[in-house]
Amino acid sequence: AEDGIRDFCLSRGLGDVYKRQEYMGTVMKRVILGLVAINIANKRRQRDTIKMIPSQDTKQQGFDEYGNYYMSIEAMWQAEFNPETDVINKVGSKDNWYQKASDFWDKEEASIKGVLGGHDYLHEPDIRDSERFLLPFLKSQTIGNDRALDCGAGIGRVAQHLLMKHFKKVDLVDQCAKYIEEARRLLGNEPNIGEFYVAGLQDLQLKERYDLIWVQWVCIYLTDDDFVRFLNTCKGHLKENGILVLKENLTKTGFIVDKEDNSVTRSDELYRGIFERAGLKVVSSKLQEGFPKGFFRVMHYALAPL
């Protein structure tokens, strides 16, 4: 029952509801459990209407907030982009997938609160744990400190509070022009700020080589194929001994599609499969600590070429 309440709330972006559920009375818990049961029934009905790739591995399966149920992430992309499939609130095409994500973030304010989806209280524990993960690579001189790239940089939150403290030059890239404009206003005169790029990661082209490429809370917006292409681009622009750090939300198994912003939250197993496709190995990984209960787990991955 507890897992059902948690998964139902998280899959609908209701982390605050889940966080408060320990204070709920028996009646409210029964209401949520009833909704969970309806959700499960909807997923089972959808299984018969969506043309999906067969899979016997339940760890590969996923769903969205409309009750669409997918046997694998490959089946999800096919069902959502195929005009012939019967999917509730279907995305329709890859262009639509990226456009909705872009529109979603264009409406958010250019501030720490905005780029963190209203959860600005996550900023300090996020930066603190990110620095704990990064410092061993710098202190051991495993990587250099000449140049870093912040992907999905937003207004420069990670660049300003983490990367600029440790690297001689930091470049920033984000698809949202108003975020990059604000980052330029805040950081443009700093001596160790380099280039500002407005681009989606699916279209990213790089000219520099980096000791570190930092990618946080943005790969959830990439299709699997574009994710692999992006990682290959990054791999080709790492300096010798350079690393890519990816920090993302995790599901326990499978994946969850959120059609409010067209994102997909993957499991550790799915992430590692994508890394392998891109010719990258995990040299270190660590779960984020210090976040409130009711949020997805967040994992740091340090990646290097095979």
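The model shown is predicted, which means the values in this text are computed figures rather than measured ones.

About the cut-offs
- Residues numbered from 1 in each chain as written.
- Predicted model: local features only at pLDDT ≥ 70, side-chain atom pairs only at ≥ 80, totals over all residues.
- Heavy atoms only, no water.
- Helix = DSSP H or I, 4+ residues; strand = E, 2+ residues; numbered from the N terminus.
- Buried < 20%, exposed > 50% of the residue type's maximum accessible area, 1.4 Å probe, protein only.
- Contact = heavy atoms within 4.5 Å.
- Areas by Shrake-Rupley, 256 points an atom, 1.4 Å probe, with all protein chains shown as cover.
- Phe/Tyr/Trp six-rings, centres within 6.5 Å; stacked < 30°, edge-to-face > 60°.
- Axes fitted to C-alpha atoms, helices over the stretch in contact; angles between N-to-C directions.
- Parallel < 35°, antiparallel > 145°, perpendicular 65-115°, else oblique.
- Left-handed = near helix turned anticlockwise from the far one by under 90°.
- Nonpolar A, V, L, I, M, F, W, Y, C, P; charged D, E, K, R; others polar.
- Pairing = 2+ DSSP bridges.
- Salt bridge = Lys/Arg side-chain N within 4 Å of Asp/Glu carboxyl O.
- Arc of directions from axis to C-beta.
- Right-handed = clockwise from strand over helix to strand, strands pointing away.

Q: How do you make sense of the overall build of the chain when you look at a structure like this?
A: A count of helical and extended segments in the chain gives 11 helices and 11 strands. Expressed as a percentage of its 306 residues, the buried residues of the chain come to 52%. Partitioning the intrachain contacts of the chain with sequence separation of at least 6 by distance along the chain shows that 65% fall at a separation of at least 24. Summed over all atoms, the accessible surface of the chain reaches about 14400 Å², with 48% contributed by carbon and sulfur.

Q: Which parts of the structure should I look at to understand the packing of aromatic side chains?
A: Aromatic rings in a pair are described by how distant their centres are and how their planes are angled relative to each other. Going through the model one piece at a time under the given rule, you end up with 11 aromatic pairs. Pairing Tyr121 with Phe295 gives two aromatic rings, centres 6.5 Å apart and planes at 70 degrees, and the pair type is edge-to-face. Residue Tyr121 is located in the loop between α6 (112-115) and α7 (123-139), and its partner Phe295 is located in the loop between β10 (280-287) and β11 (297-305); the two are separated by 174 residues in the primary sequence. Given a relative accessible area of 40%, Tyr121 falls into the partly exposed group. Residue classification places Phe295 among the partly exposed residues on the basis of a relative accessible area of 23%. Measuring from centroid to centroid gives 6.0 Å for Tyr271 and Tyr301, while their planes differ by 45 degrees, and the two rings are tilted. With a gap of 30 residues between them, Tyr271 in helix α11 (residues 268-277) and Tyr301 in strand β11 connect regions that are remote in the sequence. For the residue pair Tyr271 and Tyr301, the accessibility class agrees, reading buried in each case.

Q: In this structure, what is going on with the packing of helix α10 (residues 224-235) against α11? I would like to understand it.
A: Where α10 meets α11, the axes come as close as 9 Å, and the angle between the chain directions of the two elements is 50 degrees. The angle between the axes of α10 and α11 places the two elements in the oblique class. Where α10 crosses over α11, the two elements pack in a sense that is right-handed. Residue-level inspection shows Asp224, Asp225, Phe227, Val228 and Leu231 of α10 in contact with α11, the latter providing Tyr271, Ile274, Phe275 and Arg277. Each residue belonging to the contact of α10 with α11 can be placed in one class, and the counts come to six nonpolar, no polar and three charged.

Q: Just to check I follow, could you spell out the sheet that holds strand β8 (residues 255-258) for this structure?
A: Backbone-to-backbone hydrogen bonds join strands into a sheet, with any given pair of strands oriented parallel or antiparallel. Overall, mixed pairing links the four strands, which are arranged β2-β1-β8-β9 in an open sheet. The open sheet has two edge strands with one neighbour each: β2 (69-70) and β9 (263-266). Alignment of strand β1 (residues 62-64) against β2, held across two bridges, turns out to be antiparallel. From the neighbouring strand, Gly62 faces β2, where its bridge partner is Tyr70.

Q: Can you walk me through the pattern of salt bridges in this structure?
A: Two side chains carrying opposite charge are able to pair once their charged atoms lie near each other. Under the defined criterion, the tally for this structure stands at 18 salt bridges. Residue Lys286 pairs with Asp129 through a salt bridge whose shortest N-O separation is 3.2 Å. One end of the pair, Lys286, is in strand β10; the other, Asp129, is in helix α7, with 157 residues separating them in the sequence. Note on Asp129: relative accessible area 1%, which makes it buried.

Q: Hey, could you run me through α11 in this one?
A: What α11 keeps buried is the set Leu270, Tyr271, Ile274 and Phe275. The buried residues of α11 occupy an angular sector of 140 degrees when the element is viewed end-on, so they sit on one face. Trailing α11 by a residue or two, Gly279 shows a phi angle of about 75 degrees, which is positive.

Q: Looking at this structure, how should I read the pairing of strand β6 (residues 210-216)?
A: When a strand is regular, its side chains alternate between the sheet's two faces. Within β6, seven of the seven residues are buried, which leaves it mostly tucked inside the rest of the structure. Strand direction decides the pairing type here: strand β3 (residues 147-151) and β6, joined by four bridges, are parallel. In the strand pairing of β6, Cys151 is matched with Val215. As paired strands, β6 and strand β7 (residues 238-250) are joined by six bridges and run parallel to one another. Note on β7: the bridge partner recorded for Val215 is Leu246. Handedness of the β6-α10-β7 crossover: right-handed.

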